[in-house]
Amino acid sequence: QVQLVESGGGLVQPGGSLRLSCAVSGTASSSDTMAWYRQPPGKQRELVASITSDRSTNYGESVKGRFTISRDNAKNTVYLQMDSLKPDDTAVYYCKAGVVVPFYGIRVYWGQGTQVTVSS
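Conventions used here
- Residues numbered from 1 in each chain as written.
- Predicted model: local features only at pLDDT ≥ 70, side-chain atom pairs only at ≥ 80, totals over all residues.
- Heavy atoms only, no water.
- Helix = DSSP H or I, 4+ residues; strand = E, 2+ residues; numbered from the N terminus.
- Buried < 20%, exposed > 50% of the residue type's maximum accessible area, 1.4 Å probe, protein only.
- Pairing = 2+ DSSP bridges.
- Axes fitted to C-alpha atoms, helices over the stretch in contact; angles between N-to-C directions.
- Polar contact = N/O pair within 3.5 Å; in protein donor to acceptor, adjacent residues only side chain to side chain.
- Contact = heavy atoms within 4.5 Å.
- Disulfide = S-S within 2.5 Å.

Q: Just give me the short version of the overall build of the protein, but keep the residues and values in it.
A: Scanning the protein for helices and strands turns up 0 helices and 11 strands. Reading the helices (α) and strands (β) of the protein from amino to carboxyl end gives β-β-β-β-β-β-β-β-β-β-β. In terms of principal-axis extent, the alpha carbons of the protein reach across some 50 × 25 × 25 Å. Per-residue burial for the protein yields a buried fraction of 42% across its 120 residues.

Q: Could you give me a rundown of the sheet that holds strand β8 (residues 77-82), with the residues and numbers involved?
A: Reading across the sheet, the 4 strands line up as β1-β3-β8-β7 and stay open at both edges, with antiparallel pairing between neighbours. Each of the sheet's edge strands pairs with one partner strand only, and the pair in question is β1 (3-7) and β7 (67-72). Neighbour-to-neighbour, the strand axes of this sheet turn through a mean angle of 15 degrees, independent of strand direction. Where β1 and strand β3 (residues 18-25) come together, 5 bridges link them in antiparallel fashion. Counterpart to S7 in the pairing with β3 is S21.

Q: Describe the side chain of T114, with residues and values.
A: Relative to the elements of secondary structure, T114 occurs in strand β11 (residues 114-118). Reaching out from T114, the side chain makes a polar contact with the backbone nitrogen of G9 at a distance of 3.5 Å. If near-sequence neighbours (up to four positions away) are discounted, T114 is found in contact with E6, G9, L20, A91, V92 and Y93.

Q: Describe the side chain of R66, naming the residues involved and giving the relevant values.
A: Within the element layout of this structure, R66 appears in the loop between β6 (57-59) and β7. By relative accessible area, which is 11% here, R66 ends up buried. Side-chain polar atoms of R66 contact the backbone oxygen of S84, separated by 3.0 Å. Once you skip the residues sitting within four places of it in the chain, R66 turns out to touch Q81, M82, D83, S84, L85, K86 and D89.

Q: I'd love a proper account of the state of the cysteines, names of residues and values included.
A: According to the stated counting rule, one finds 1 disulfide in the structure shown. The disulfide partner of C22 is C95, and the gap between their sulfur atoms is 2.1 Å. Handedness of the C22-C95 disulfide follows from its S-S torsion of about -80 degrees: it is left-handed. In this pair, C22 sits in strand β3 while C95 sits in strand β9 (residues 91-101), placing the two residues 73 residues apart along the sequence.

Here it is as structure tokens:
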């Protein structure tokens, strides 16, 4: 059973940093595009950043220049380095991965979410 296991969330002061990790387990297959989304309280889920299998990246406007997405294909893991955090970054952060399924194509999986709170 494929699972996405997230870690690294928590409470941080404004201006601080956090690093989120998301590991794909339960499969020997590789992942295509991997991404981080977030859902602030009372708002819709939004794209934070995405990275393709050849490491092409895309960022939401509000995090450009502050967040960095990366991946380790050997570990089937995606990371999100978050710097210069602001209170508006407070949200539940979700990992998404497109896992390659032989003879099927790509199946999308989501993590359970990890809380990031930016507050003094």
